[in-house]
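As a plain string of letters, each chain reads:
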Amino acid sequence: MAVALIAAGGLGGAVLYNSTGQRVAVLALARDVPFGQVVTDADLVVARIATDPALKPLAAGERRDAVGKRATTDLRRGALLLSADLALSLAVQPGQLVVGVSAKRTQLPAARLQPGVSIVVVYTPDNGRPDSLSAVVVTVGRVDTDGSQVVDVAVAAADAPRLASWVASGRIQVVLAPRAAAGGAPAPTGTAAPSGAPSGTAVPTAPATPTGSAAPSGAGGG
């Protein structure tokens, strides 16, 4: 009986060691990469770590996808590389400022926001006409225990104070901006809108009738 118990204990220990000793190949930083810089193949190294549900770094097989993207924050040597650390293009452009937008879960789209995504922040005052501003997501913060979240967005420097005041009032809604159709571009902000519609809404206009067009059949002649 004693021999059987010792053997069983040894087998259980071996199983536990194997389950906790499993390692996966992931991407890590071989050197510092400053914010906004393009990540090169030389910036990355493959690391093997024990599997942990709390850690979600990019797999080693995603190395080709990571190379060529820009760092969304200052990346430090030895740190694991996360998907949120990379973006296709730099979100903050010259002449823009970054504003922190604090919003509840019901004020955000269901789709998870990512750096580089275009959004529209709609201001919805109790009394008065709604207004809106276009912005680009820079950083997505963690969700707090109450469901609120802070999203850093880049806007034109002239619009930053106005957006900050909207956020302070809490009367905002974050909307995903539509992607421009192929061969076309979204309507520019500031296009006249009908009364009661958010600013920036394009007003469709009927095509003008060409001069000298033939009158429809049955119309009275001069």
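Criteria and thresholds
- In this numbering scheme, every chain counts its residues from 1 along its sequence in written order.
- Where totals are concerned, whole chains, interfaces and linings use all residues; where local detail is concerned, this predicted model gives features only for residues with pLDDT of at least 70, and gives and counts side-chain atom pairs only at 80 or more.
- With hydrogens and water excluded, all non-hydrogen atoms of the structure serve as input to the side-chain values.
- Confidence of the predictor at the level of single residues is given by pLDDT, which spans 0 to 100.
- Where helices and strands are cited, they refer to DSSP runs of H or I of at least four residues and of E of at least two residues respectively, numbered from the N terminus.
- Should DSSP find at least two bridges between two strands, the strands are taken to pair.
- Note on geometry: axes are lines fitted to C-alpha atoms, helical ones only across the stretch in contact, with angles between N-to-C directions running from 0 to 180 degrees.
- Put simply, a salt bridge is a Lys or Arg side-chain nitrogen that is within 4 Å of an Asp or Glu carboxyl oxygen.
- The contact criterion used throughout is that any non-hydrogen atoms of two residues lie within 4.5 Å.

Trainee: Describe the confidence of the model for the protein chain, listing the residues and the values that go with them.
Mentor: Overall, the prediction assigns the protein chain a mean pLDDT of 77, with 70% of residues at 70 or greater. When pLDDT is averaged over each element of the protein chain, helix H3 (residues 160-169) comes out on top at 96 and helix H1 (residues 2-20) at the bottom at 56.

Trainee: Explain the sheet that holds strand S6 (residues 118-123) to me, and be specific about the residues and the numbers.
Mentor: The strand order across the open sheet built from five strands is S5-S8-S7-S6-S9, with neighbouring strands paired in antiparallel fashion. Every interior strand has two partners, whereas the edge strands, strand S5 (96-103) and strand S9 (172-176), have only one. In this sheet, adjacent strand axes meet at a mean angle of 40° when their direction is disregarded. By the bridge criterion, four bridges tie strand S7 (residues 131-140) to strand S8 (residues 149-156) in an arrangement that is antiparallel. Paired with Thr-139 across the two strands is Asp-152, which belongs to S8.

Trainee: Summarise the pattern of salt bridges; cite the residues concerned and give the values.
Mentor: This model, assessed by the stated rule, comprises six salt bridges. One salt bridge in this structure joins Asp-126 and Arg-171, with 3.0 Å as the shortest N-O distance. Within this pair, whereas Asp-126 is found in the loop between S6 and S7, its partner Arg-171 is found in the loop between H3 and S9, the two being separated by 45 residues in sequence. Residues joined by salt bridges that share partners form a network here, namely Asp-131, Asp-159 and Arg-162.

Trainee: Explain the environment of Ala-157 to me, and be specific about the residues and the numbers.
Mentor: Within the secondary structure, Ala-157 is located in the loop between S8 and H3. The spatial distance from the C-alpha of Ala-157 to the C-alpha of Val-99 is 9.9 Å, given a sequence separation of 58 residues. Not counting residues up to four positions away in its chain, the partners in contact with Ala-157 are Gly-95, Gln-96 and Leu-97.

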